[in-house]
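Understanding the architecture of this molecule
Spelled out, the chains give:
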Amino acid sequence: MEFILDFFRSLFNTMLALLSFGKKTVKNTLNINVKTNDQVLNIELDRSLEIKEVKEIVSEKLGVSTDEIKIIFAGKELTDSTTIAECDLGQMSFLHAIKTKRRTEKPASMPLITVEEEDSVVVPVEDHSSKPLCETLQDLKLVQNDENVETTRKAHFFVYCYFCKKMCRGKLRVRCCKCKECAFTVYQDPRCWDDVLKPSRIRGLCESNEDHPCTENESGNSPFAEFYFKCAEHSLGLENDFAVPLKLVRINEQNVPCLACMDVCETILVFPCEFRHVTCLDCFLQYCRSRLLERQFLAHPDIGFTLQCPTGCPNSFIDEIHHFKLLSPEEYDRYQMYATEEYVLQAGGVLCPRPDCGMGLLVEPECKKVVCQNGCGFVFCRDCLQGYHIGDCIPEMNQIDMNRSCEYTVNPNNAAEARWEDVSTAVTIKVSTKPCPKCRTPTERDGGCMHMVCTRSGCDFEWCWICQTEWTRDCMGAHWFG
Amino acid sequence: MAALPRRIIKEAQRLQLEPVPGISAVPDEQNARYFHVIVTGPADSPFEGGLFKLELFLPEDYPMSAPKVRFITKIYHPNIDRLGRICLDILKDKWSPALQIRTVLLSIQALLSAPNPDDPLANDVADLWKANEAEAIRNAREWTQRYAMDTTSM
């Protein structure tokens, strides 16, 4: 009996241990890859260790003295007093240890040019080492000359991670834009998102190859930094495991209430409009869903299929479409489908009218006979979207019905519903809709006045339900309500 | 039935605690998305002294889409048709989730103070308003007396 009890007790303890492991209780040590000029050392480091002690461990392994070693991490040479805990390192993260025989050489001798900011040339201090970037970097401004936001807080980044398939906390990393190596120190912290996202804005010193340091050009200018993001919530120990920054998502340190639900939430989305309107992430997603279902996303020529600030501010398009990845996979699929359809239509193409097909087809403008290639194979007339025919298109069915005097009066809607499957959908659409005079989108009028506004995003044509032409003051006077 | 969003609860509470002068909006006992609204006719308008009943409904995706508002009390106004439907841009394409029940009702009250016959909804009313403003105002006052001051039916 005792034996069985013991067995269960030990089983219980194992389960507990497993559970606590699952929760990832903070381990005090990190397994770190230290990349030197020619090899990678895998070292178990205590979080409380200082860089000085890391240098001691590394120098012992490399057989050099500690002052011949620089530790470089995320674009910074770390000071001796920095602790491992201060760096936003994860398991299997990389540190760079550079052997430096010429400790006296100062990169200050290199020309320091900061692009587009003449008045802010920064002269590096004598000692080049510093705290890690995650400690020194302040919240990035959305635009360079943004006076709206006080940037005194430490930066937090959110990314869309394709590995975790969700929004995660992100880490900013730096490498040389020439050799793509991370043994690179920046001369200056980035201050706005453009510094990070646009190339050739911040220069730095590349130390990956001691003998032939990277240069931007023949005249020996320092190379530019290339910033990239990693997910802080998983670690594969790969150097090129990138994540996409979601620059509009921020920590709500100013406690701004969401414009839709009025709650003060911890993580928010700040729209790139003049007023920096704020929504919480739930309301942002609700906004996306509601706009998506009404097909109100807009195909922006430079950005893609996107949305503006919900209050309609000018120039407020979300310019990183990965923000829409926060939608559910099904919703994102729908987003992509609509985006593609919109692209096809804007490029002068047509969508196959067959139910459940909808294949996008790019055809010559004068071509009337369209074949659904790589799709269902349907051959149809580009103008009336019916099966292909010779001669003129048959006029719209509802127009015939309206003008014909019938012996029996049949409610067209009832008649449409009483049809055998396939046919009925097409008939219902025909009977209950009229095409927008401009873009031909079938439009249903479910009440209200005769003043129609085309619901297709980007069309917005105002037309009269009765005249089927542009809405005029005469329509308003003659038959606004029929 | 989905839970009522906090925003609607908050808005309803604030409408009770800090009511807008001349406007009352009380949620229905059965349906918290349906509000019984009473707007008093603004001073120095032909609607002065009248109490106008309206109904306001918050659709499922409010505040992403606009509330639906309609006058129940008959009113002689160029921007309100005989079914009580209101021609107001913020109820249509100019809606933004940053607007609230409060701001919508204030705009409706402002519309009573400043009818806009150039963007009419009730054509006959608008025509008269432009052709003979004095008579139109007289009509409006008469309708106000007839339909909006009968306290027994309120």
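Structural notes, computed from the coordinates. (Residues numbered from 1 in each chain as written. Chains lettered and ligands numbered in written order. Predicted model: local features only at pLDDT ≥ 70, side-chain atom pairs only at ≥ 80, totals over all residues.)

Regarding the overall build of chain B
The helix and strand tally for chain B stands at 4 helices and 4 strands. Taken from N to C terminus, the helices and strands of chain B fall in the order α-β-β-β-β-α-α-α. Relative to a compact globule of 154 residues, whose C-alpha radius of gyration would be 15 Å, chain B shows 16 Å and is just as compact. Dimensions along the principal axes, computed over C-alpha positions, put chain B at roughly 50 × 35 × 25 Å. Within chain B, contacts between residues at least 6 apart in sequence are counted, and of these 53% link residues at least 24 apart. (Helix = DSSP H or I, 4+ residues; strand = E, 2+ residues; numbered from the N terminus. Rg over C-alpha atoms; globule rule 2.2 N^0.38 Å. Contact = placed C-beta atoms within 7 Å.)

With respect to the interface of chain B and chain A
In this assembly, 13 residues from chain B lie in contact with 14 residues from chain A. Tallying contributions element by element places helix 1 (residues 6-17) of chain B first for the side of chain B that touches chain A, with 3 residues. Partitioned by chemical class, the residues of the side of chain B that touches chain A number 5 nonpolar, 3 polar and 5 charged. (Nonpolar A, V, L, I, M, F, W, Y, C, P; charged D, E, K, R; others polar.)

Here's the deal with the nonpolar core
Of all hydrophobic cores here, the largest spans 78 residues; its most connected members are I71, V159, F184, A243 and C258 of chain A. When we break this core down by domain, the ones giving at least three residues each are domain 1 (29-102 + 130-141 + 153-221) and domain 2 (250-347) of chain A. Apart from residues no more than four positions distant in its own chain, I71 of chain A is found in contact with I51, V54, K55, E77, L78, L95 and A97 of chain A. Membership of the second largest hydrophobic core comes to 27 residues, among which are A25, F35, V69 and A126 of chain B. (Core = buried A, V, L, I, M, F, W, Y, C linked by C-beta atoms within 7 Å. Buried ≥ 20, exposed ≤ 12 C-beta atoms within 10 Å, placed from the backbone. Domains from an automatic or database assignment.)

So, helix 2 (residues 101-113) of chain B
All names here are of chain B. Here helix 2 contains 13 residues, and its C-alpha end-to-end distance of 19 Å stays within 8% of the 18 Å for a straight helix at 1.5 Å per residue. Among the residues of helix 2, those classed as buried are I101, V104, L105, I108, Q109 and L112. Angular distribution of buried residues about the axis of helix 2 spans 140°; they occupy a single face of the element. Looking at the buried residues of helix 2, the elements they touch are helix 1, strand 1 (23-27), strand 2 (34-40), strand 3 (51-57) and strand 4 (68-71). (Expected span 1.5 Å × (residues − 1). Arc of directions from axis to C-beta.)

Regarding the sheet that holds strand 3 of chain B
Residue and element names in this part refer to chain B. Strand order in the open sheet formed by 4 strands is 1-2-3-4, with antiparallel pairing between adjacent strands. The two strands at the open ends of the sheet, each matched to only one other strand, are strand 1 and strand 4. Averaged over all pairs of adjacent strands, the angle between their axes in this sheet comes to 20°, without regard to strand direction. Strand direction decides the pairing type here: strand 1 and strand 2, joined by 5 bridges, are antiparallel. The residue bridging S24 from the neighbouring strand is I38, located in strand 2. Against the sheet, helix 2 contacts strand 1, strand 2, strand 3 and strand 4, and its axis sits at roughly 35° relative to strand 2. (Pairing = 2+ DSSP bridges. Axes fitted to C-alpha atoms, helices over the stretch in contact; angles between N-to-C directions.)

Here we look at the pairing of strand 1 (residues 29-35) of chain A
Residues and elements named next belong to chain A. The sheet contact formed by strand 1 and strand 2 (residues 40-46) spans 7 bridges and is antiparallel. Bridge pairing in strand 2 links T29 to D46. Note that strand 1 and strand 5 (residues 94-99) share 3 bridges and pair parallel. Within strand 5, the position partnered with N33 by the bridge is F94.

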